[in-house]
Amino acid sequence: MATLIAPSNHSPQEDAESLRKAFEGWGTDERTVITILGHRNSHQIQQIRRAYEEIYQEDLIKRLESELKGDFEKAVYRWILEPADRDAVLAHVALKSGKNYNVVVEIAAILSPEELFNVRRAYIKRYKHSLEEDLATHTSGHLRQLLVGLVTAFRYVGDDVNARLAQSEADILHEAVKEKKGSQEEAVRILTTRSKAQLIATFNRYRETHGTSITKKLLDEGSDDFQKALYTTIRSFNDHVKYYEKVVRDAVKKVGTDEDALTRVIVSRAQHDLKAISDVYHKRNSVPFEQVVAKETSGDYKKLLLTLLGQED
């Protein structure tokens, strides 16, 4: 359900040469940048980066950073990074800029074990220390236990589930998460060690037993960072498409669009399930997602996002 359909017959050398021409003369030809990079998948973009450096002895990313500006530059930069490197940057920025732990949670909960391992490796290569080290530095208590446990987990990815375990752990989560009477450590243990299939079985058992979802009315104005992280963890594991729909819905309904959140979802999911996210948004809000993006953004930034959404401005 990707929105990006890349051509199979592209030439990395020709793309590199076209980008170079776009940088020459008076002002950058942003349309060419969007036309090329907005229609290439991650593998093809890495080929272009290598070809550009071989031909011109120059880093394409650094050149783009010098040529572009604002939200457009940030979106292009995040789009052309390798996926693991992009997520490493997103996690680092989230921690340094405002301790936005939701970004770290979604990366840890939604990626496959191999993908998450690659993010951790990219983080170390880029920042010379580990993601879990930074998380431990910025957090404490149950929040630290949850976040460090999430990013260091290497989960079973099969479909096998234990129904009896799902029932017992649904009861544990009810006491710890909803009633706030049980052991928070037990809630953390469940969420950081069980497979996605086992967790979904537990969440389904919870709904069957209690007649409502575990996240219903989980948050209120007094919720702390740990409770917010628990909420995001459960939503991300249970149905990440609906989770992402809520992220973009919140991003565009604010007074002043949250461009960081909007960019993050579009660039990270364009090659995966952005079409499904868009469809869920349309169904829930009775307006096409791309129409909202076009309304809430402008200029070359808007053109790039619409291109990644499979639309042409």
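The coordinates are above.
What counts and how
- Residues numbered from 1 in each chain as written.
- Predicted model: local features only at pLDDT ≥ 70, side-chain atom pairs only at ≥ 80, totals over all residues.
- Heavy atoms only, no water.
- Helix = DSSP H or I, 4+ residues; strand = E, 2+ residues; numbered from the N terminus.
- Buried < 20%, exposed > 50% of the residue type's maximum accessible area, 1.4 Å probe, protein only.
- Contact = heavy atoms within 4.5 Å.
- Areas by Shrake-Rupley, 256 points an atom, 1.4 Å probe, with all protein chains shown as cover.
- Lys, Arg positive; Asp, Glu negative; His and termini not counted.
- Charge placed at Lys NZ, Arg CZ, Asp CG, Glu CD.
- Core = buried A, V, L, I, M, F, W, Y, C linked by side-chain atoms within 4.5 Å.
- Phe/Tyr/Trp six-rings, centres within 6.5 Å; stacked < 30°, edge-to-face > 60°.
- Salt bridge = Lys/Arg side-chain N within 4 Å of Asp/Glu carboxyl O.
- Expected span 1.5 Å × (residues − 1).
- Axes fitted to C-alpha atoms, helices over the stretch in contact; angles between N-to-C directions.
- Left-handed = near helix turned anticlockwise from the far one by under 90°.
- Nonpolar A, V, L, I, M, F, W, Y, C, P; charged D, E, K, R; others polar.
- Polar contact = N/O pair within 3.5 Å; in protein donor to acceptor, adjacent residues only side chain to side chain.

Quick look at the overall build of the protein
The number of helices and strands found in the protein is 19 helices and zero strands. By its C-alpha atoms, the protein is 65 × 45 × 35 Å across when sized along the principal axes. A burial count over the protein gives 50% of its 313 residues as buried. Contacts in the protein between residues at least 24 apart in sequence constitute 69% of all its contacts with a sequence separation of at least 6. If you sum the accessible surface of the protein, you get close to 15,300 Å²; carbon and sulfur atoms cover 46% of it. When the 47 basic and 49 acidic side-chain charges of the protein are each reduced to a single mean position, those positions are 4 Å apart.

Here's the deal with the nonpolar core
Counting 97 residues, the largest nonpolar core has Leu37, Leu64, Leu262 and Ile266 as the members making the most contacts within it. Looking at which element gives the most residues to this core, the answer is helix H7 (residues 101–110), with eight residues. The contacts of leucine 64, once residues within four sequence positions are left out, are Phe23, Val33, Leu37, Glu73, Val76 and Ile80.

Details of the environment of glutamine 184
Following the sequence through the fold, glutamine 184 ends up in helix H12 (residues 184–193). Of the residues examined, glutamine 184 reaches a relative accessible area of 16% and is grouped as buried. Residues glutamine 184 and leucine 146, 38 residues apart in the sequence, show an inter-C-alpha distance of 9.7 Å. Residues in contact with glutamine 184, not counting those within four places in the same chain, are His142, Ala176, Phe226 and Leu230.

Digging into the packing of aromatic side chains
For any pair of aromatic rings, the description rests on two quantities: the centre-to-centre distance and the angle between the ring planes. Taken as a whole and judged by the stated rule, the model has five aromatic pairs. Relative to tyrosine 56, the ring of tyrosine 52 lies with its centre 5.0 Å away and its plane at 50°, an arrangement referred to as tilted. Of this pair, tyrosine 52 and tyrosine 56 both sit in helix H3 (residues 42–56), four residues apart, roughly one helical turn. A residue is classified by how much of its surface remains accessible, and tyrosine 52, at 0% relative accessible area, is buried. Taken together, a centroid distance of 4.8 Å and an interplanar angle of 55° make the contact between tyrosine 123 and tyrosine 127 tilted.

Side note on unusual backbone geometry
With phi around 65°, lysine 128 is a residue other than glycine that occupies positive phi space. Note that lysine 128 resides in the loop between helix H8 (113–127) and helix H9 (131–138). Lysine 128 sits in the exposed class, given a relative accessible area of 67%.

Concerning the pattern of salt bridges
Counted according to the given criterion, the structure contains 19 salt bridges. We note a salt bridge from glutamate 58 to arginine 20, for which the minimum N-O separation is 2.7 Å. Here the residue glutamate 58 occupies a position in the loop between H3 and helix H4 (60–67), and arginine 20 occupies one in helix H1 (residues 12–23), the gap between them amounting to 38 residues. According to the relative accessible area criterion, glutamate 58 is partly exposed, its value standing at 23%. Beyond isolated ion pairs, a larger network of salt bridges with shared partners links Arg20, Glu24, Glu58, Arg63 and Glu67.

Let's talk about the side chain of serine 278
Within the secondary structure layout, serine 278 lies in helix H17 (residues 274–285). Once you skip the residues sitting within four places of it in the chain, serine 278 turns out to touch Phe289 and Leu309.

Let's talk about H8
The first and last C-alpha atoms of H8 sit 21 Å apart over 15 residues, in line with the 21 Å expected at 1.5 Å per residue. Considered for burial, the residues of H8 that qualify are Pro113, Leu116, Val119, Arg120, Ala122, Tyr123 and Tyr127. Looking one or two residues beyond H8, the residue adopting positive phi is lysine 128, at roughly 65°.

Side note on the environment of arginine 120
Structurally, the position occupied by arginine 120 is in helix H8. Considered as a pair, arginine 120 and arginine 207 are 87 residues apart in the sequence and their alpha carbons are 34 Å apart. When sequence neighbours within four positions are dropped, the list of residues in contact with arginine 120 reads Glu132, Val151 and Thr152.

Remarks on the packing of helix H16 (residues 259–269) against helix H19 (residues 299–308)
Two numbers describe how H16 lies on H19: the axes approach to 10 Å, and their chain directions differ by 30°. For the element pair H16 and H19, the recorded crossing hand is left-handed. Where H16 approaches H19, its residues Glu259, Leu262, Thr263, Ile266 and Val267 are matched on the opposing element by Tyr301, Leu305 and Leu308. Taken together, the residues of the contact of H16 with H19 break down into six nonpolar, one polar and one charged.

Quick look at the side chain of aspartate 134
The residue aspartate 134 is located in helix H9 in this model. In this structure aspartate 134 is buried but unpaired, with lysine 96 as the nearest side chain of opposite charge at 4.9 Å. A distance of 3.1 Å separates the side chain of aspartate 134 from the side chain of histidine 129, its partner in a polar contact. If sequence neighbours within four positions are ignored, aspartate 134 has contacts with His92, Leu95, Tyr123 and His129.

What is shown is where atoms sit, not what they do.
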